[in-house]
Number of protein chains: 4
Amino acid sequence: MAGRTHADHAVPFTFGFKAAVWLDEMDRHIDRFQEMKKRLFVGNITGAVGTFANIDPEVEAYVCRKSGLKPAPASSQIIQRDRYAHFFNTLAVLAGSLEKIAVEIRHLQRTEVLEAEEYFSAGQKGSSAMPHKRNPINSENICGLARLVRSYAVAAMENIPLWHERDISHSSVERVIAPDATILVDFMLHRATNLLDRLIVYPERMAENLRKTGGLIFSQQVLLLLTQKGVSREEAYRIVQRNAMQAWERGGDFKKLLLKDKDLARYISRAELEQTFDLRHHLKHVDTIFKRVFG
Amino acid sequence: MAGRTHADHAVPFTFGFKAAVWLDEMDRHIDRFQEMKKRLFVGNITGAVGTFANIDPEVEAYVCRKSGLKPAPASSQIIQRDRYAHFFNTLAVLAGSLEKIAVEIRHLQRTEVLEAEEYFSAGQKGSSAMPHKRNPINSENICGLARLVRSYAVAAMENIPLWHERDISHSSVERVIAPDATILVDFMLHRATNLLDRLIVYPERMAENLRKTGGLIFSQQVLLLLTQKGVSREEAYRIVQRNAMQAWERGGDFKKLLLKDKDLARYISRAELEQTFDLRHHLKHVDTIFKRVFG
Amino acid sequence: MAGRTHADHAVPFTFGFKAAVWLDEMDRHIDRFQEMKKRLFVGNITGAVGTFANIDPEVEAYVCRKSGLKPAPASSQIIQRDRYAHFFNTLAVLAGSLEKIAVEIRHLQRTEVLEAEEYFSAGQKGSSAMPHKRNPINSENICGLARLVRSYAVAAMENIPLWHERDISHSSVERVIAPDATILVDFMLHRATNLLDRLIVYPERMAENLRKTGGLIFSQQVLLLLTQKGVSREEAYRIVQRNAMQAWERGGDFKKLLLKDKDLARYISRAELEQTFDLRHHLKHVDTIFKRVFG
Amino acid sequence: MAGRTHADHAVPFTFGFKAAVWLDEMDRHIDRFQEMKKRLFVGNITGAVGTFANIDPEVEAYVCRKSGLKPAPASSQIIQRDRYAHFFNTLAVLAGSLEKIAVEIRHLQRTEVLEAEEYFSAGQKGSSAMPHKRNPINSENICGLARLVRSYAVAAMENIPLWHERDISHSSVERVIAPDATILVDFMLHRATNLLDRLIVYPERMAENLRKTGGLIFSQQVLLLLTQKGVSREEAYRIVQRNAMQAWERGGDFKKLLLKDKDLARYISRAELEQTFDLRHHLKHVDTIFKRVFG
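Residues numbered from 1 in each chain as written. Chains lettered and ligands numbered in written order. Predicted model: local features only at pLDDT ≥ 70, side-chain atom pairs only at ≥ 80, totals over all residues. Heavy atoms only, no water.

Draft legend 1. Focus on the overall build of chain A. The number of helices and strands found in chain A is 13 helices and six strands. In summary, chain A has a C-alpha radius of gyration of 28 Å against a globular reference of 19 Å for 295 residues, an excess of more than 25%. With the principal axes as the frame, chain A shows a C-alpha extent of 90 × 55 × 35 Å. Across chain A, the fraction of contacts at a sequence separation of at least 24, relative to all contacts at a separation of at least 6, is 71%. Approximately 11100 Å² of chain A is accessible, and the part contributed by carbon and sulfur atoms is 54%. (Helix = DSSP H or I, 4+ residues; strand = E, 2+ residues; numbered from the N terminus. Rg over C-alpha atoms; globule rule 2.2 N^0.38 Å. Contact = heavy atoms within 4.5 Å. Areas by Shrake-Rupley, 256 points an atom, 1.4 Å probe, with all protein chains shown as cover.)

What follows is the structure, given as C-alpha cells:
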C-alpha cells in the first residue's frame, strides 16, 4: 500500500508496517503502567497529618499487606496527588495512541481511499437518511473519547498542589475523573481491539491506489539512481520533479514521461528505470522490523 | 463536489457552501472580539489594593481617557483576570476555526482526493527526498499552532483565582502567552488568508470524485422517492441499501444496479430514476444561503 | 481590614471593596452570556450537508420560530462547534471567578486569619476525628469543581475542527460535558450564593489583624509624607524600611520605632506622623467605587 | 508546628515531616525520568515511511550507537509522539510538585502565619510603594510557571495522532514547547532549590502559632482518651466539641474550659488531661518516617 506523509503518497509500504508501529506503541504503554504500579499501589494509615500519633505504623503495614499495597514512605493526611496525576496523564497518552489508530482507520475508510473499513454487518444502517453510507463511527467515537480523557488529565494535574497537609478540593475532581477516565479508557481499549479484530482490509484497493499516481510514488528511487550515476542532486531533482509535476497536474503516467525525458535517458537505461519501479525494493526489510517488534 | 460526512460521500454540494460556512464563522469571531472590547480596553490607577487612598480617581480618569481606555469600575491592585482569560479563550476558539479550514484543505489535498491544493510555485520543493511531493505544510502548520493557542487558554484560565488583592503568579504566564498567543493568531490569520487567496481548486476533479461512486451519492433521493410512492421507509431502505452495498463492495454503477432491481421497478420508472440523479436538485438553495451569509 | 497582596498585609481596605470587585466581575459574566445568546440560540434543519436539498428553508424557519431559536445563516449537517466551544469556555471563566471567591474565603477562614467563615450550624461536625475543626469544605469543593469545568473547556475546543460537513467525534464529548459543565456551574453558583449569604464575618478580628503588625500597614503613607517633605525617594525608603524591617523581624511597634528615628524626626513631627496612621484616609473613596459598581 | 488540613490547625507536627513528604515526592520524579530514558533516548533513520528501503538498518544502528541512542524498534518517518507526550506530561507533574512546595511557602509567609520566609537580603526592596513588604515572589513565580508547563502538556498530547506515516503539525508545537518546557522546569528546579536552601524558618513563631488556639489542636487526643474511658464516640464528641467551639468563637483557653467541664471530669483526671496536651506524643514516630525517606 502507499505509505503516506502529509496525507500524500510518499513511498510504498505495507499495512503490516503500520500495525508494527502500533504494537510497538502499545508495548510502551504496558511498560508505563507496569512501572507505575509501585507508585500507585500504596496506602497510608497515618492519622490526621501523617505522623502516626494515634496509630501504630504496624497497623498501616498490616492493612497494606492485606490489601496488596505498600505503605507510602511519607504522606500527609493523604497519598500525594502526583501519583494520581501521573496515572491520569498516562491514561491520556494511551487514549491519544488509540486515537491515532482510529484516525488512521477514518482516513483509510474515506470514500476515495477505502483501503480498510470498520466491520459493517448485513442488516446494519450506516445513516438513516443515506442508505449507501457506512460510517466509521466507532473510530470517530474513540477520537471524541480521547479528548475527554485528555481533559481529565488537565484536572488531575491541578490537583497536585493541595494546601498544607491536605485540603479537600481534589475530592470532587476525583469522584468524576477516576471512574470516568478509567471506564472510558477500558471502553476505548475494548472498542479498538474489537475494531481491529474485525477490520475489513482491501488489499486490491491498496494496490489500485498505489498505481493511481502512475508511479509517482517511486520518484525517490529515480532521484537516487540519478545521483548514483553522478548527476548532481539539484539537477537530478529538477529532472524528476518536472516529470512528476506534469504527471500530478495532468494525470499522466510518470514512468512513461520519464522514458521520454532526454536528459534522463543520458544516464539511465530503460531497464534500469523499470527496476526502480519495483515494489519489492521497499519491502526487503519487513522481516527486520517485524523481528524487532513481534520478536 | 461531494458533500462529505464521516469522510464519506454524503450528498452533492459545492465548494461555495463550504466557504459560506467558514465566512459565517469568521463573522461570529469578529462579533466576539467587538463585544469584548469594552471589557478589555479598561485601565486602573487605584493604588496598592484598589482604594484610591493616595491617588485621586481623576488621575485614573485622565490617564484612561488619554489611553483610549475606560476605568475599570472596581479593581484590586490589578485588573481582574477573568477579562484576559476570556480573551485568550476566544483567541483559542478562533484558532480552532482556522484549524478547521486547514484540516479541510489537508483532506482535499490528499493524493486520492486532490480537489484543492495549497499554492505551489514553479521552483518550490515539496520534499527534499521525494520530488513528486506537494505537501499542505501551511495547513499542517496552522493545525499545530492551534494546539499551542488552545494550551495558552488553559494557562490563562488558571490565572483567574489570584490570592486576595493580588499575587504575582499570573505575571510569568502572561509574559509568555500574551505575546505568543496574539502573535500566533495574527500569523495564523495571515497564513490562512494567504492560503485561501491562492488556493488552487480543481473543479474537474471534484466532478470526477462525485461520479466515482457510480451515483451512490444520490441514494437519499431514491429513498425519498420510494417513500413518496407509498413504500414504507423500512422497505425503501432495504431496496436502496442492497443495491448501494453491492456498488460499494464490488464497485458497480449504482444507477445501473437500481434499474435492474425488480422491486424498485414496481414503483419507479426509468425516467423518474434518472431525474433523482440530477445535481441541480441539490443546488437549488445556493442563493438562499449565500444571501444569508454574503448579504 | 487588611488589604493583602502576595498574602501579605499591604494597606487598609474593607470587605466591601472585595465584594464590589466580585460583583463587578459577575456583571461581566452576565454580559458575556447575554451577548452569546444570539450565537447559541440557533437551529438548523438543512439536510445532510446543509443545502436544503430535500427540505424547504421555510420548515427550518417555522421550527426555529416555534423553538425560540433563529436559523443559523449557514451550517453543514450540524451547527458549527465554535458556538459551543465559546459557551463552555465562558462557563469555565465563570467557574474561575467563583473559584477566586472560594479561595478568598479559604484564606480568610484559616486559623491564623479567621476574618470570615463558612456558616457552621450548631450540631455540625467539621471533622470526625478532630472535634475542634470547622473546615471551609464548600469553598474547597467549588475550587475542585472549577478544575473540572476548565477541563471540559479543553475538550470543547478540540471539537471545533470536525472533518468536512461533519464527523461524529464531537458527540461523545458533548454527551458528557454538556450536562456536566452546565449542572456543575449551576451547582457552583447556588453553592457560592448560599455560602456568601450565610458567610460569618468577624469585623473585630479584621481590626485585630490590622493592628497585628504594629502599624506596618501604614508604611506607604510615611514614605509619601517624607517625599512630600522634600526627602528623596531613596532616602525616604531607607528610613521607612529600616524601621519596618525591625518591626517585622522583632515584632516591635512600627509607629514607636519611627518616633524614635532621628532622621525621620528632622522632617516629620509627632502630630504629622500620628495622622498618617489614620484608617479613614484609606476609606475616603469607598463611595466612589460603590457608586460605580452598585450604581 | 501546626499540621494543617483545610488551612486550619489539625494536630501538631514538624517542618521536617513536611520536607520528608517533599523529598519522597522528588524521589518519585527521579524514578519516573529514569524509567522513561529507555523510551526517550531512541533514534530512527529509516527513510520516508520507516521501511529502510534506501538505507541499511546498520546505518541506523551505527548512528544511534554513536549518539547514545537506541534504534526505535518500529517507527514511521518519525519517532512516535506518545514518547514525547509522556515526557512533557511528566515534566508537568514535576512542575505541579514544585508548585505545591511554592504554595506552602506562600502560605507560611503570610503576615498572620510567618513561620517561614523566602530569603530577603539587607538592601532588597519588597515593594516599591510599601517599604514594609517582603513578598514571596519566587514562590509565586514557580506557581505561574507550573501553569505554563501544564499547558504545554496539553499541546504535547494533541501531537500524538498524526496522520498516516507523519504529518508536520507537531513541528510548530515542539519548536515552542520543547525548549520552553525543559528550560522552565530546569529554571523552576534551580529556583526551588535555591529557595529551600536559603529559606528562613521561624521555629518560635511556629510554636507561638501552635499555642494560639489555646490547645484546640489537641482536641483529637481528648476525644480518644474519653472513648478509651468507655464514653461513646458520640457523647465524647459532644463534650469535646462544645468546649472547642467555645474556645474557637470566644477565644478562650481550650484546656481551661475542659477542666471546668463536669461531664469530662467524671472520666478524666486533671493529670490525665495535662498529659494529652503533650507535644511529644505527636512526634514519637518522626524517626520511623525519616528512616523510610532519608534512609
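Draft legend 2. The arrangement of the state of the cysteines in detail. For the structure shown, the criterion picks out zero disulfides over all chains. For B:Cys143, which is in no disulfide, the shortest distance to another cysteine sulfur is to A:Cys143 and amounts to 14 Å. (Disulfide = S-S within 2.5 Å.)

Draft legend 3. Looking closely at the interface of chain C and chain D. With 52 residues of chain C in contact, the opposing surface of chain D contributes 52 residues. Regarding the contact of chain C and chain D, the summed buried area is about 4700 Å², with carbon and sulfur atoms giving 52% of it. Looking at the side of chain C facing chain D, the largest losses of area belong to C:Pro131, C:His132 and C:Trp248, adding up to 17% of the total buried there. Seen at the junction of chain C and chain D, the total is four salt bridges. Across the pair D:Asp8 and C:Lys133 runs a salt bridge whose closest N-O atoms are separated by 3.6 Å. Inspection of the chain C/chain D interface yields 34 residue pairs in polar contact (both at pLDDT 80 or more). Of all elements in the fold, only strand E1 (2-5), strand E2 (8-12), helix H3 (82-108), helix H4 (137-158), helix H7 (219-228) and helix H8 (233-250) of chain C reach the threshold of two or more residues within the side of chain C that touches chain D. A per-element tally of the side of chain C that touches chain D places H8(C) first, with eight residues. (Buried area = accessible area lost by both parts, 1.4 Å probe. Salt bridge = Lys/Arg side-chain N within 4 Å of Asp/Glu carboxyl O. Polar contact = N/O pair within 3.5 Å; in protein donor to acceptor, adjacent residues only side chain to side chain.)

Draft legend 4. Focus on the confidence of the model for chain A. On average, chain A scores 95 in pLDDT, and the residues at 70 or more come to 100%. Across the whole predicted complex the pTM is 0.96, and at the interface the ipTM reaches 0.94. (pLDDT = per-residue confidence, 0-100.)

Draft legend 5. Representation of the interface of chain D and chain A in the model. If you look at the interface, chain D gives 82 residues, while chain A gives 82 residues. When the two sides are added together, the surface that chain D and chain A hide from each other amounts to roughly 6900 Å², 59% of it contributed by carbon and sulfur. Counting across the chain D and chain A interface gives 14 salt bridges. Here D:Lys18 and A:Glu165 are joined by a salt bridge, their closest N and O atoms 2.9 Å apart. On inspection of chain D and its partner chain A, the count reaches 38 residue pairs in polar contact (both at pLDDT 80 or more).

Draft legend 6. Expanded view of the relation of the copies chain C and chain D. With an RMSD of 0.0 Å, chain C superimposes on chain D once it is rotated by 180 degrees and translated 0.0 Å along the axis. What we have between these two chains is a two-fold relation. Nearest to the rotation axis, the C-alpha of C:Glu112 is located 2.9 Å from it, this being the minimum over chain C. The fraction of interface residues of chain C whose copies in chain D are also interface residues reaches 100%, indicating that both copies meet through the same surface. (Least-squares fit on C-alpha atoms with pLDDT ≥ 70 in both.)

Draft legend 7. Quick look at the packing of helix H1 (residues 15-40) of chain B against helix H3 (residues 82-109) of chain B. Residue and element names in this part refer to chain B. Look at H1 against H3: their axes get within 10 Å of each other, and the N-to-C directions meet at 170 degrees. When the axis of H1 is compared with that of H3, the two are roughly antiparallel. Per-class residue counts for the contact of H1 with H3 are 14 nonpolar, four polar and seven charged. (Axes fitted to C-alpha atoms, helices over the stretch in contact; angles between N-to-C directions. Parallel < 35°, antiparallel > 145°, perpendicular 65-115°, else oblique. Nonpolar A, V, L, I, M, F, W, Y, C, P; charged D, E, K, R; others polar.)

Draft legend 8. Fine view of helix H6 (residues 203-211) of chain B. Residues and elements named next belong to chain B. What H6 keeps buried is the set Arg-205, Met-206, Asn-209 and Leu-210. With its buried residues spanning 145 degrees around the axis, H6 presents them on a single face. Away from the buried face of H6 by more than 90 degrees, exposed residues Glu-204 and Arg-211 are located. The secondary structure elements touched by the buried residues of H6 are strand E1 (2-5), strand E2 (8-12), H1 and strand E6 (200-201). (Buried < 20%, exposed > 50% of the residue type's maximum accessible area, 1.4 Å probe, protein only. Arc of directions from axis to C-beta.)

Draft legend 9. Representation of the relation of the copies chain D and chain A. Superposition of chain D onto chain A requires a rotation of 180 degrees combined with a translation of 0.0 Å along the rotation axis, giving an RMSD of 0.0 Å. When the interface residues of chain D are mapped onto chain A, 100% of them again fall at the interface, so both copies present the same face.

Draft legend 10. Here's a closer look at the pattern of salt bridges. For the coordinates displayed, the defined rule picks out 108 salt bridges over all chains. Ionic pairing is found between A:Glu25 and A:Arg28, a salt bridge with its closest N-O pair at 3.7 Å. Here A:Glu25 pairs with A:Arg28, and both are found in helix H1 (residues 15-40), just three residues apart, close to one helical turn. Of the residues examined, A:Arg28 reaches a relative accessible area of 5% and is grouped as buried. A salt bridge links C:Asp82 to B:Arg28, with the nearest nitrogen and oxygen atoms 2.8 Å apart. You can see C:Asp82 sitting in helix H3 and its partner B:Arg28 sitting in helix H1, one on each of two chains. The network of salt bridges with common partners includes A:Asp24, A:Glu25, A:Arg28, A:Arg32, A:Lys100, D:Asp82 and D:Arg83.

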